[in-house]
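Residues per chain are reported as follows:
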Amino acid sequence: MDDLYRENLMDHYRHPRNHGTLEHPDCEAEGKNPLCGDEVELDVEVVDGRINAIRFTGNGCAVSQAATSMLTDLVQGLPVAEAAALPSQAIIDELGIPLSAMRVKCAVLGLGTLKVALHRGVGTPLPPEWGADDDEMVWG
Amino acid sequence: MTGATPQELDPTRIRADFPIFARQVHGQDLVYLDSASTSQKPQAMLDAMVGFYSTSNANVHRGVYTLGVESTDAYEAARDAVARLINAPSRREVVFTRNTTEALNLVAKTVGVERCGPGDVIVSTVLEHHANLVPWQVLAQATGATLRFLDVDDEGRLQLDELDAIAREGNVRIVAVTHQSNTLGVRPPVEELVRWARAQGALVVLDAAQTVPNRPVDVQALDVDFLAFSGHKTLAPTGIGVLWGREAILAETQPFLTGGEMIRSVALDRTSWNTLPWKFEAGTPAFAEAVGLHAAIDYLEAVGLDAIDAHEHAITEYALGRLDEVTGLRIVGPPDAAARGGVVSFVLDDVHPHDIAEILDRHAVCVRAGHHCTQPLMQRLGHAATVRASFYLYTTTAEIDRLIDGLHDVRRVMGV
């Protein structure tokens, strides 16, 4: 299991980068993986079309939290359009470990949440597979 | 094993009947602790299905030719086997479905819709699998009935003190309860609940997906009105489940799905329904899977359901004792083996259950991690997810030992 829970991943899990919240975020969103209960909340500050600051909080498995931590490093300073278009593979490559289909969902939770946040805050395109599902039944 | 069981089941000998235990995962012998999710399959069941497809395959209730007669006989013989297994008064009360979920939906969308309206009350519990919860939400929404859930204590024991208050809220029409929690293994006091439901004139729907596989279940002794279970947790293939229902109720209930097989005659302006149980079996049924279910039932009965129940109890007791040795591990659910089945949920410090399951997989130990299709229960108990180990007739103490070794490694890897 050491190839999965290797040092870099555990380091990001135990000491997440850019952890916390922003006072006046331009973009924010929270993401959940209902299958396992992973959660992340992202705040983004945009200056001149670039990600100037990004913070996250959350709880969940090591993969979801470490991947989100790595993501915040990865997109720091990127143009929002570029960040919004970041493919899942970018974060999977960043993790650098073999992931089953189930765990890929954990790995891209932060990325999906970032795409939703940027879409809401600065109107970047959001492909439907990243959209929030609002189809909820309420009964009396 | 700790303690002698009445008919001493030997899990090591039983494992030889299950081909999957010959395989290795990550270079180690398979440790399968996820039978509450789905069971492994004995060779006899696989052989029965291959034999059927190889020699008798033809659609049922149609062909007058030899193969069609054989397949119909085989399909209906499976129904008799199910009736015997659960002590159904009549084979006409045994309806084949896809699984437990479909069986429960059948009840909600036929009997439920016909019998519930505004001012009526449907009662369920926070212990339920989503399969015995969401259909009642949809039914309440569709009919205007009120849906009430019985609560549990912090260890998942069902609380009945709300019953009197619920009875005052309206006519209680349906009480839907699990025979055993798939998440905690706890067995709610079904007898007491049935007595109360009878006094209210309510129907009782029992989700027996977790008990039919591993202990004697008698629908007449239980005195419920409907009972559902799945083949795939009962050594049988996927795609077949059972709804048992009282004939008097099923007979006066309109069909669920309509089309072929469930009709007596069809004209362009009128259709009459088939007799029970076929009125509730629209379309070509899963007859090959029924043959597999029959073989699985034969296998279970040959081993003995009393012996399986006793074995699971002994294994659960052993597992609870060994899990207690792991620092930082907390059982979610009753901490003792009494009044529970072979299912144990736990958390380990603040390590996420997915990480635990992933690391255990590297030790070839299969456990389930997540909410186990019981989100309201998880919320009630204050967990986003747990790890669940579940046991069956082929589970050995050596497998439990491998689980414990794996958990010690989880602690090492995660640094707790």
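Structure shown above.
This section reports on the structure supplied with the text. Just so we're clear, the structure is a prediction, and the values are computed from it rather than from any experiment.

### Considering a negative patch on the surface
Residue and element names in this part refer to chain A. A cluster of acidic residues, E28, E30, E39 and E41, forms a negative patch on the protein surface. Inspection of the secondary structure assignment puts E30 in strand β1 (residues 27-33). Looking at E30, the relative accessible area reads 53%, which means it is exposed.

### A few points about the sheet that holds strand β2 (residues 38-47) of chain A
All names here are of chain A. The strand order across the open sheet formed by three strands is β1-β2-β3, and the pairing between neighbours is antiparallel. What marks the edges here is a single partner per strand, and that holds for β1 and β3 (50-59). Across this sheet, the average inter-strand angle for adjacent strands is 15 degrees, counted without regard to direction. Of the pairings in the sheet, the one linking β1 to β2 comprises seven bridges and is antiparallel in character.

### Section: the packing of aromatic side chains
All names here are of chain B. Per the counting criterion, the structure on display carries eight aromatic pairs over all chains. Taken together, a centroid distance of 5.8 Å and an interplanar angle of 65 degrees make the contact between F52 and F287 edge-to-face. In this pair, F52 is assigned in helix α2 (residues 43-55) and F287 in helix α10 (residues 287-303), connecting sequence segments 235 residues apart. On the basis of relative accessible area, F52 is assigned to the buried category, the value being 5%. A relative accessible area of 10% places F287 in the buried class. One aromatic cluster in this structure is built from F18, F21, Y299, Y392 and Y394. For the cation-ring pair, R15 lies above F21, with the distance from its terminal atom to the ring centre recorded as 4.0 Å.

### Thoughts on the pattern of salt bridges
Residue and element names in this part refer to chain B. Following the criterion strictly, the structure yields 33 salt bridges over all chains and no others. Notably, a salt bridge pairs R15 with E399, separated by 3.0 Å at the nearest N-O pair. Placement of the pair is R15 in helix α1 (residues 11-15) and E399 in helix α14 (residues 397-414), with a sequence separation of 384 residues. Two residues, R92 and E247, come together in a salt bridge whose shortest N-O distance is 2.6 Å.

### Thoughts on the sheet that holds strand β7 (residues 171-178) of chain B
All names here are of chain B. In spatial order, the strands read β4-β10-β9-β8-β7-β5-β6; together these seven strands make up an open sheet with mixed pairing. Two strands bound the open sheet, and with one partner strand each, they are β4 (94-97) and β6 (146-150). Within this sheet the neighbouring strands show an average axis-to-axis angle of 20 degrees, counted without direction. In terms of strand pairing, β7 meets strand β8 (residues 203-207) through five bridges, oriented parallel. Its bridge partner lying in β8, V175 is registered against V204. Along the sheet, helix α3 (residues 66-85) makes contact with β4, β9 (226-230) and β10 (241-245), crossing β4 at roughly 115 degrees.

### Description of the packing of helix α12 (residues 353-361) of chain B against α14 of chain B
Residues and elements named next belong to chain B. Contact geometry of α12 with α14 gives a least axis separation of 9 Å together with a crossing angle of 120 degrees. Considering their axes alone, α12 and α14 lie oblique with respect to each other. For the crossing formed where α12 meets α14, the hand is right-handed. Residues D355, I356, I359 and L360 of α12 form the contact with α14, whose participating residues are L403, G406, L407, D409, V410, V413 and M414. Grouping the constituent residues of the contact of α12 with α14 by class yields eight nonpolar, one polar and two charged.

### Comments concerning helix α7 (residues 190-200) of chain B
Residues and elements named next belong to chain B. Listing the buried residues of α7 in full gives V190, L193, V194, W196 and A197. Viewed end-on, α7 has its buried residues packed into an arc of 165 degrees, placing them on one side of the element. Seen from the open side of α7, the exposed residues pointing more than 90 degrees away from its buried face are E191, R195 and A199. Against β5 (120-125), β6, α6 (163-167), β7, β8 and α8 (219-222) lie the buried residues of α7. Positive phi appears at G201, one or two residues downstream of α7, with a value of about 75 degrees.

### Examining the interface of chain A and chain B
The figure often quoted for interface size is the accessible area lost as the parts come together. Contact with chain A, which involves 23 residues of that partner, is made by 23 residues of chain B. At the junction of chain A and chain B, the tally comes to two salt bridges. Linking D355 of chain B and R103 of chain A is a salt bridge whose minimum nitrogen-to-oxygen distance equals 3.1 Å. At the boundary of chain A and chain B, one finds six residue pairs in polar contact (both at pLDDT 80 or more). Of all elements in the fold, only α1 (7-14), α2 (62-75) and α5 (101-107) of chain A reach the threshold of two or more residues within the side of chain A that touches chain B. A class-by-class count of the residues in the side of chain A that touches chain B yields 16 nonpolar, two polar and five charged.

### Focus on the side chain of T395 of chain B
Residues and elements named next belong to chain B. The residue T395 is located in the loop between β17 (386-390) and α14 in this model. When its relative accessible area of 0% is taken as the criterion, T395 is described as buried. One polar contact links the side chain of T395 to the main-chain amide nitrogen of Y392, over a distance of 2.8 Å. Beyond its immediate sequence surroundings of up to four residues, T395 is in contact with P11, R15, L33, H311, I315 and I400.

### Focus: the pairing of β7 of chain B
Looking down a regular strand, the side chains alternate between one sheet face and the other. Residues and elements named next belong to chain B. The buried fraction of β7 amounts to six of the eight residues, a majority that puts the element mostly inside the structure. Note that β5 and β7 share four bridges and pair parallel. Bridge pairing in β7 links I122 to I174. Handedness of the crossover is the feature at issue here: the chain leaves β7, passes through α7, returns alongside β8, and the resulting connection is right-handed.

Scoring rules and cut-offs
- Residues numbered from 1 in each chain as written.
- Chains lettered and ligands numbered in written order.
- Predicted model: local features only at pLDDT ≥ 70, side-chain atom pairs only at ≥ 80, totals over all residues.
- Heavy atoms only, no water.
- Patch = residues over 30% accessible without salt bridge, like charges linked within 9 Å, V, L, I, M, F, W, Y side chains within 5 Å.
- Areas by Shrake-Rupley, 256 points an atom, 1.4 Å probe, with all protein chains shown as cover.
- Salt bridge = Lys/Arg side-chain N within 4 Å of Asp/Glu carboxyl O.
- Lys, Arg positive; Asp, Glu negative; His and termini not counted.
- Charge placed at Lys NZ, Arg CZ, Asp CG, Glu CD.
- Helix = DSSP H or I, 4+ residues; strand = E, 2+ residues; numbered from the N terminus.
- Buried < 20%, exposed > 50% of the residue type's maximum accessible area, 1.4 Å probe, protein only.
- Pairing = 2+ DSSP bridges.
- Axes fitted to C-alpha atoms, helices over the stretch in contact; angles between N-to-C directions.
- Phe/Tyr/Trp six-rings, centres within 6.5 Å; stacked < 30°, edge-to-face > 60°.
- Lys NZ or Arg CZ within 6 Å of the ring centre and 35° of its normal.
- Contact = heavy atoms within 4.5 Å.
- Parallel < 35°, antiparallel > 145°, perpendicular 65-115°, else oblique.
- Left-handed = near helix turned anticlockwise from the far one by under 90°.
- Nonpolar A, V, L, I, M, F, W, Y, C, P; charged D, E, K, R; others polar.
- Arc of directions from axis to C-beta.
- Polar contact = N/O pair within 3.5 Å; in protein donor to acceptor, adjacent residues only side chain to side chain.
- Right-handed = clockwise from strand over helix to strand, strands pointing away.

Scope: geometric values only; no functional claims are made or implied.
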